[in-house]
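Residue-level listing of the chains:
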Amino acid sequence: MLKLYDLTVAQVASPMAAPVSGTRFGWKLCSDKQDVFQTCYRLTLTADTDSFDTGVVDSSASNEVTVSHTLKTGTRYRMTVTVTDNQGQRASAETQFDTAISPEEWTGRWIKPRQHIQGWAPYLRKKFALSGKVKRAVLYGSGLGCAEYYINSKRISDDFIDPPFTNYESEVFYRAFDVTEFLNEKKICFAALLGDGWYAQNRVWFPDCNYGDICLCAELRITYEDGTTQIIATDDSWKTKYSPIVLNNLYAGEVYDARLETPDFADPDGEEEGWCSTVYDETPKGPLVGCIMPPVRILRSLKARSVKMVSGQSDGAWIIDMGENIAGIARFKLPPAPRGAQVTFRFAETLNEAGCLDFRSIGAFATQCIQQETYIARGDKNGEEWAPRFTYHGFRYIEITGYHDLRRYGIVPEIDIATAYILSTDLKQNGRFRCDNSDMMQLQKVMLNTFRTNYHGFPEDCPAREKCGWLGDAQIVCNYGIMNYDMRASYEKFIRDFRTTNEVMGVWQMISPGHRGCGEATPLWGCAQIIMPYWMYVYYGDETVVRDNWDMMEKWVQHELDRAEDYVVSVGLGDWAPPGENSHPKRIPVPQSSTMMFFEICEKMAELSRKLGLGKEDYYADLAAKIKDSILRHFYDAENHIYSTWAANGVALTLGIYPDGDRKALLDATIQLIRDEDYEMHTGIYGNKYLVPVLCQEGYGDDVLRFLFTRDHASFRTMLDGGATTLYECIDHPMPRKYHLDESSYNHPMHSGFAVFYYNCVAGIRPVTPGFTEFEVKPCLFSEIHTVDCDYETPYGRIGVRIMRRDRGAHYEITVPAGTRCSFYPYGADTPVQLTSGCYTFDNE
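Residues numbered from 1 in each chain as written. Predicted model: local features only at pLDDT ≥ 70, side-chain atom pairs only at ≥ 80, totals over all residues. Heavy atoms only, no water.

1. With respect to the overall build of the protein
Scanning the protein for helices and strands turns up 16 helices and 41 strands. Rg of the C-alpha trace for the protein: 28 Å, near the compact-globule value of 28 Å for 845 residues, within the 12% margin. Once the C-alpha set of the protein is aligned to its principal axes, its extents read approximately 85 × 75 × 55 Å. Counting every position in the protein, which comprises 845 residues, the buried fraction comes to 61%. Sequence separation of 24 or more characterises 73% of the internal contacts of the protein that already satisfy a separation of 6 or more. Of the roughly 30,800 Å² that the protein leaves accessible, carbon and sulfur atoms contribute 48%. (Helix = DSSP H or I, 4+ residues; strand = E, 2+ residues; numbered from the N terminus. Rg over C-alpha atoms; globule rule 2.2 N^0.38 Å. Buried < 20%, exposed > 50% of the residue type's maximum accessible area, 1.4 Å probe, protein only. Contact = heavy atoms within 4.5 Å. Areas by Shrake-Rupley, 256 points an atom, 1.4 Å probe, with all protein chains shown as cover.)

Written out as structure tokens, the structure is:
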């Protein structure tokens, strides 16, 4: 039986602000038969005032499908897809989506409190009456820095720190919400609570990273059953009042004074006393753009593992251990306290040797603040519960001071005093990997936790110290991210940030989005604007992200060419954070890593130009050849068939930067070098991404696992042995701190770039054509791995790989999605078994 599933519009399911032109549609096929592929489709789009029908289209396309029709703005459409396959089966499915409204259509204006008080979160509200029965209502809203929306005292969504951070001078995101279910009373109060977010915060990187006062632009579009419409939009008739959140900052935390609560702030019958008029905000901003990437939500919760006194005495200071390092907030359950009593909560990733919070890893030296909340009690006799709204922290440990249960003074707080909530962009998990190697599985859990706790609207370097989108970190881990999560909408947004950062700052920056920048981008960082669109094309078949950014990509190549001498680029940060620090003599020299990246981006540009017909294949291929020649002349030891470092050899083997006929000699020399150096890893975030997969593919997986997990030298195993629950910035740094000036983070995803080998090498899943229409399953053999269980959701469906090694041979179970083809290589095979869609079982001796 043929079925359709995962219908998408603009790469997401049922968006509320889809683009009206160039819109991309997608669907997946599933069948219980083998050798199934789509032969034709029919796509219809219907709305109350518009319709479009492709008719029957003879095509196998089901990903990135575009139509010639321009949709109407601010309209709900029904998308219906009917597909016929090669076996005569037919299936249909439908979904709904809404289109965005254009900047010119907005009737709402930016408003703010008449008196701006920095850090104090205001309410803004509008009361009105409905004129009839509501057929449908959509709220369009952008609160800067971030907003929560309420209708008649009910919060309409569960997102946090939204809308996502952008370069506000170029574009400002808004969200759209279907709020029909909330408009079921005659009298309505539409309210918003605003936090500083990224836009208005002034505590960190100030004044460059403050964009203006807190403000709101929103409109509620109501359609009644009788066909009439009404728009409730922000203007200076709205009222405002400051909330109990008297101070909020994404880095420093919140101060909440419960005595100032206004319970009826979103009640249509709420008191008017204390509410003041608003004014228009005239700070220049970019146009409002509909946001379709997923928002930040609660990923999961954690109960406290232990509560201990800091000093061992009944001194009113307690340390809560949440059991793992996370990014998020905590909800506190507090006992009865006198009105005005203050409780302070401070957060850190680790403790010092005295058992107190150690603030060095959270970057107090850089941000000039620590992560802290203060709660001022209202005096409720039944106790009080509270959690912050407009901040998030990187932490495992929480210190509480000012806590006193006056009924039981000096008694340790109950274990349920704190519940932690992990916050992350709500990414759909696309990949799942399991094997029987405990080192790999423990590290995979740590890496996934690190990746998720460093995505809050953009990929961060760390969630405590900087919260910045370092381009080098992002491009290193993008393959790993794509193989584990659906990154399409989120990475497209981030890649657009590269462009708008350049527009605002006038030069490519190390960080995007935002003003912090940190200077002109170096080669392994700025290359993100080529590397990330390239892998989006390879893994998702996303041509749009390449075509939309091709001009930017070409300019980056020219930028690198302009600073090269004899095609060698000598500047850069290089292979960041290897064991032994960046000054380690066995780290790949910066001119080698920078120039090898220059070669790689030219190779990728030539490939993209050839496959997409962009007309520059010969130019980039010729430039790559010149760079390769220069690398060999300057850096390659032709007599000994080797470069000077593990990293350089790994990159060269991956990219083909060696003389003709030298591959085996270079490979042999590399393995011998690794063994001669007793598997003491000298590679950082760049080197490992290339070295690990290529050695596995060449049959040296056991050597790879040895240097990744040795206990004889600094490795991921020694990091895990030290209690890591997230990846360290410097994997050889101990916990607790032993060096006074050691300020590195304990939550940095950049070291996980190499771990794409879990999928590409251990399970052997690799795309042959963009989007996995053709792919191979070619697992690499490891003596310490006997079972593999892996799934990956491609744009066409789920690939499944199950492997069980036996004393002689192995058992394989392979799932091939409808509409795709697989070349399957059992262990040791040189010739593949060609598979069409379906589920297959193999046993080989």
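After that view of the structure, there is still more to cover.
2. Focus on the packing of helix 4 (residues 471–484) against helix 13 (residues 685–697)
The N-to-C vectors of helix 4 and helix 13 enclose an angle of 30°; their axes lie 9 Å apart at closest approach. Between helix 4 and helix 13, the interaxial angle falls into the category roughly parallel. Here helix 4 runs over helix 13; the crossing is left-handed. Counted together, Gln475, Ile476 and Asn479 of helix 4 and Ile685, Tyr686 and Lys689 of helix 13 form the full contact between these two elements. When its residues are assigned to classes, the contact of helix 4 with helix 13 shows 3 nonpolar, 2 polar and 1 charged. (Axes fitted to C-alpha atoms, helices over the stretch in contact; angles between N-to-C directions. Parallel < 35°, antiparallel > 145°, perpendicular 65-115°, else oblique. Left-handed = near helix turned anticlockwise from the far one by under 90°. Nonpolar A, V, L, I, M, F, W, Y, C, P; charged D, E, K, R; others polar.)

3. Let's talk about the packing of aromatic side chains
For any two aromatic rings, the description comes down to two numbers: the centre-to-centre distance and the angle of the planes. For the structure shown, the criterion picks out 55 aromatic pairs. Taking the centre distance of 5.6 Å and the plane angle of 10° together, the rings of phenylalanine 451 and tyrosine 485 count as stacked. With phenylalanine 451 in helix 3 (residues 438–452) and tyrosine 485 in the loop between helix 4 and helix 5 (488–505), the pair connects residues that are 34 residues apart, well separated along the chain. Across this residue pair, the class does not change: phenylalanine 451 and tyrosine 485 are buried. The lysine or arginine in question, lysine 285, covers the ring of tryptophan 110, its NZ or CZ lying 4.8 Å from the ring centre. For arginine 488, the ring lying beneath its charged end belongs to tyrosine 540, and the centroid distance is 5.6 Å. (Phe/Tyr/Trp six-rings, centres within 6.5 Å; stacked < 30°, edge-to-face > 60°. Lys NZ or Arg CZ within 6 Å of the ring centre and 35° of its normal.)

4. Considerations on helix 3
For helix 3, spanning 15 residues, the distance from its first C-alpha to its last is 21 Å, which sits close to the expected 21 Å at 1.5 Å a residue. In terms of burial, helix 3 is largely enclosed, as 11 of its 15 residues are buried. Residues Asp439, Met440, Leu443, Gln444, Val446, Met447, Leu448, Asn449, Thr450, Phe451 and Arg452 constitute the buried set of helix 3. (Expected span 1.5 Å × (residues − 1).)

5. A closer look at the side chain of threonine 23
Relative to the assigned elements, threonine 23 resides in the loop between strand 1 (2–9) and strand 2 (24–31). Given the relative accessible area of 5%, threonine 23 is considered buried. A polar contact is formed between the side chain of threonine 23 and the backbone oxygen of proline 19, at a distance of 2.6 Å. Not counting residues within four places of it along the chain, the set of residues in contact with threonine 23 comprises Val9, Ala10, Val65, Thr66, Val67 and Leu71. (Polar contact = N/O pair within 3.5 Å; in protein donor to acceptor, adjacent residues only side chain to side chain.)

6. What about helix 9 (residues 590–612)?
Think of an α-helix as 3.6 residues a turn; residues three or four steps apart then line up on the same face. Counted at 1.5 Å a residue, the expected span for helix 9 with its 23 residues is 33 Å, and the 33 Å between its end C-alpha atoms agrees. Judged by how many residues are buried, helix 9 sits mostly within the fold: 19 of 23 residues are covered. Positioned one or two residues after helix 9, glycine 613 has a phi angle of 65°, which is positive.

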